[in-house]
Amino acid sequence: QVQLVESGGGVVQPGRSLRLSCAASGFTFSAYAMHWVRQAPGKRLEWVTIISDDESNKYYADSVKGRFTISRDNSNNALYLQMNSLRAEDTGVYYCARAQSGGSSFIIQHWGQGTLVTVSS
Amino acid sequence: DIVMTQSPDSLAVSLGERATINCKSSQSVLSSSNNKNFLGWYQQKPRQPPKLLIYWASTRESGVPDRFSGSGSGTDFTLTISSLQIEDVAVYYCQQYYSAPITFGQGTRLEIK
């Protein structure tokens with residue numbers, strides 16, 4: 001079955017960096033677009049970024065553009081999110097998620113359990 | 001960005017009764033190229049990640065009970081649970097994927113009356 005396991009979250013000071021990882025299994029990782037979606041405590045879901053199956057296309061939410069970078073390693077079934085210049089408003093649970101095949105890559109079909117990022121001094 | 005607004009914010013329904021959640025988008029999410037509504041519904045139970053229930057506004061995801069149904073077109077959509085079960089207690093989110101960035105509604109908290 002599809003498994004997505006995030007890691008790398010923690011407490012970080014404003015202005016610092018953090019790198020999240022997502023280990024994927026149970027499906028052909030290289031065939032699917034992948035997303036990061038976050039959720040601040042008690043708030044709605046916020047889409048962060050998407051990367052195409054071959055890494056040729058990447059899109060970002062305006063709130064993270066220029067600060068966050070998504071990447072993937074198809075040989076190791078891994079997804080990454082490099083987060084720089086972190087702000088307090090970046091605090092939340094970050095979910096790694098897999099797109100649906102066919103149809104639209106923006107239909108988010110499977111989600112990991114999430115990793116908590118707390119930006120605080 | 002397309003703004004998604006759900007109503008109500010919270011809802012209490014008796015077991016076995018119908019629950020209805022509404023979602024309105026700030027602009028149409030109906031594509032003229034394929035006549036599909038780029039609208040999904042997700043269920044999030046406490047301390048769990050979201051789960052896809054419905055996509056293309058009315059297509060049920062594999063494994064989702066048939067008491068869940070989606071309807072609507074253009075800017076107005078509805079998620080209906082025909083007979084509420086205790087395991088349906090959750091927060092429900094609508095999502096548009098018509099244009100980037102993907103955006104979600106604020107969520108509707110569904111409880112048992």
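That block above? That's the structure.
Residues numbered from 1 in each chain as written. Chains lettered and ligands numbered in written order. Predicted model: local features only at pLDDT ≥ 70, side-chain atom pairs only at ≥ 80, totals over all residues. Heavy atoms only, no water.

1. Quick word on the state of the cysteines
Turning to step 1, where the next piece is worked out: For the structure on display, the rule yields two disulfides over all chains.
Turning to step 2, where the next piece is worked out: Here A:Cys22 is linked by a disulfide to A:Cys96, with a sulfur-sulfur distance of 2.1 Å. Taking the torsion about the sulfur-sulfur bond, which here is approximately -65 degrees, the covalent link between A:Cys22 and A:Cys96 counts as left-handed. Within this pair, whereas A:Cys22 is found in strand β3 (residues 18–25), its partner A:Cys96 is found in strand β9 (residues 92–99), the two being separated by 74 residues in sequence.
Turning to step 3, where the next piece is worked out: Residue A:Cys22 is classed as buried on the basis of its relative accessible area, which comes to 2%.
Turning to step 4, where the next piece is worked out: Residue B:Cys23 pairs covalently with B:Cys94 via a disulfide, S to S 2.1 Å. Note on the B:Cys23 and B:Cys94 pair: the S-S dihedral is about 75 degrees, so by sign convention the disulfide is right-handed. With B:Cys23 in strand β3 (residues 19–25) and B:Cys94 in strand β9 (residues 90–96), the pair connects residues that are 71 residues apart, well separated along the chain. (Disulfide = S-S within 2.5 Å. Helix = DSSP H or I, 4+ residues; strand = E, 2+ residues; numbered from the N terminus. Buried < 20%, exposed > 50% of the residue type's maximum accessible area, 1.4 Å probe, protein only.)

2. Here we look at the sheet that holds strand β8 (residues 78–83) of chain A
Residue and element names in this part refer to chain A.
Turning to step 1, where the next piece is worked out: Across the sheet, four strands lie side by side as β1-β3-β8-β7; this open sheet has antiparallel pairing. The sheet terminates laterally at β1 (3–7) and β7 (68–73), the two strands that pair on one side only. Taken over all neighbouring pairs, the strand axes of this sheet differ in orientation by 15 degrees on average, direction set aside.
Turning to step 2, where the next piece is worked out: Where β7 meets β8, six bridges bridge the pair, whose relative direction is antiparallel. Within the sheet, the bridge partner assigned to Thr69 lies in β8 and is Gln82. (Pairing = 2+ DSSP bridges. Axes fitted to C-alpha atoms, helices over the stretch in contact; angles between N-to-C directions.)

3. Observations concerning the interface of chain B and chain A
Turning to step 1, where the next piece is worked out: Contacts between chain B and chain A engage 19 residues on the former and 19 residues on the latter.
Turning to step 2, where the next piece is worked out: Both sides of the chain B and chain A interface together cover about 1700 Å² of buried area, and 63% of this is carbon and sulfur.
Turning to step 3, where the next piece is worked out: Three residues, B:Pro49, B:Ile102 and B:Phe104, lead the burial of chain B against chain A; their summed loss comes to 32% of the area buried on that side.
Turning to step 4, where the next piece is worked out: Taken together, the connections running from chain B to chain A amount to zero salt bridges.
Turning to step 5, where the next piece is worked out: Where chain B packs against chain A, one counts eight residue pairs in polar contact (both at pLDDT 80 or more).
Turning to step 6, where the next piece is worked out: Of all elements in the fold, only β4 (39–44), β5 (51–55) and β9 of chain B reach the threshold of two or more residues within the side of chain B that touches chain A.
Turning to step 7, where the next piece is worked out: Class assignment of the residues belonging to the side of chain B that touches chain A gives a composition of 12 nonpolar, five polar and two charged. (Contact = heavy atoms within 4.5 Å. Buried area = accessible area lost by both parts, 1.4 Å probe. Salt bridge = Lys/Arg side-chain N within 4 Å of Asp/Glu carboxyl O. Polar contact = N/O pair within 3.5 Å; in protein donor to acceptor, adjacent residues only side chain to side chain. Nonpolar A, V, L, I, M, F, W, Y, C, P; charged D, E, K, R; others polar.)

4. So, the layout of surface pockets
Turning to step 1, where the next piece is worked out: Roughly 490 Å³ of volume is contained in the largest pocket.
Turning to step 2, where the next piece is worked out: Lining the largest pocket are 25 residues, with A:Gln39, B:Gln44, B:Val91, B:Tyr93 and B:Arg109 positioned closest to its centre.
Turning to step 3, where the next piece is worked out: Secondary structure elements with two or more residues in the lining of the largest pocket: β9 of chain A together with β9 and β11 (108–112) of chain B.
Turning to step 4, where the next piece is worked out: Along the lines of polarity and charge, the residues of the lining of the largest pocket split into 11 nonpolar, eight polar and six charged.
Turning to step 5, where the next piece is worked out: If you add up the space inside the second largest pocket, you get close to 340 Å³.
Turning to step 6, where the next piece is worked out: Lining the second largest pocket are 20 residues, and of these A:Arg44, A:Leu45, A:Glu46, A:Trp47 and B:Thr103 lie nearest its centre.
Turning to step 7, where the next piece is worked out: Residue assignment for the lining of the second largest pocket shows that the elements contributing at least two residues are β5 (45–51) of chain A together with β10 (103–104) of chain B.
Turning to step 8, where the next piece is worked out: Residue contributions to the lining of the second largest pocket peak at three residues, all from β5(A).
Turning to step 9, where the next piece is worked out: Looking at the lining of the second largest pocket residue by residue, the class counts come to 10 nonpolar, three polar and seven charged. (1 Å grid on protein atoms, 1.4 Å probe; cavity = no way out; pocket = protein on both sides within 12 Å on 5 of 7 lines; lining within 4 Å. Points joined across faces, edges and corners; volume = space filled by probe spheres on them.)

5. Let's talk about the sheet that holds β3(B)
Residues and elements named next belong to chain B.
Turning to step 1, where the next piece is worked out: Across the sheet, which stays open at both edges, the four strands sit in the order β1-β3-β8-β7 with antiparallel pairing between neighbours. Looking at the sheet topology across the chains shown, the edges are occupied by β1 (4–7) and β7 (68–73). If you compare each strand with its neighbour and ignore which way they point, the axes differ by 20 degrees on average.
Turning to step 2, where the next piece is worked out: Pairing of β7 with strand β8 (residues 76–81), which is carried by six bridges, proceeds in the antiparallel orientation. Bridging from a neighbouring strand, Gly72 pairs with Phe77 of β8.

6. Side note on the nonpolar core
Turning to step 1, where the next piece is worked out: Of all hydrophobic cores here, the largest spans 48 residues; its most connected members are A:Trp36, A:Leu79, A:Met83, A:Trp111 and B:Phe104.
Turning to step 2, where the next piece is worked out: Ignoring anything within four residues of it in the chain, the contact list for A:Leu79 reads A:Leu20, A:Ser21, A:Cys22, A:Phe29, A:Met34, A:His35, A:Trp36, A:Ile51, A:Ile70, A:Ser71, A:Arg72 and A:Cys96.
Turning to step 3, where the next piece is worked out: Counting residues in each nonpolar core, the second largest holds 23 residues, with B:Val29, B:Leu39, B:Leu84 and B:Cys94 among its members. (Core = buried A, V, L, I, M, F, W, Y, C linked by side-chain atoms within 4.5 Å.)

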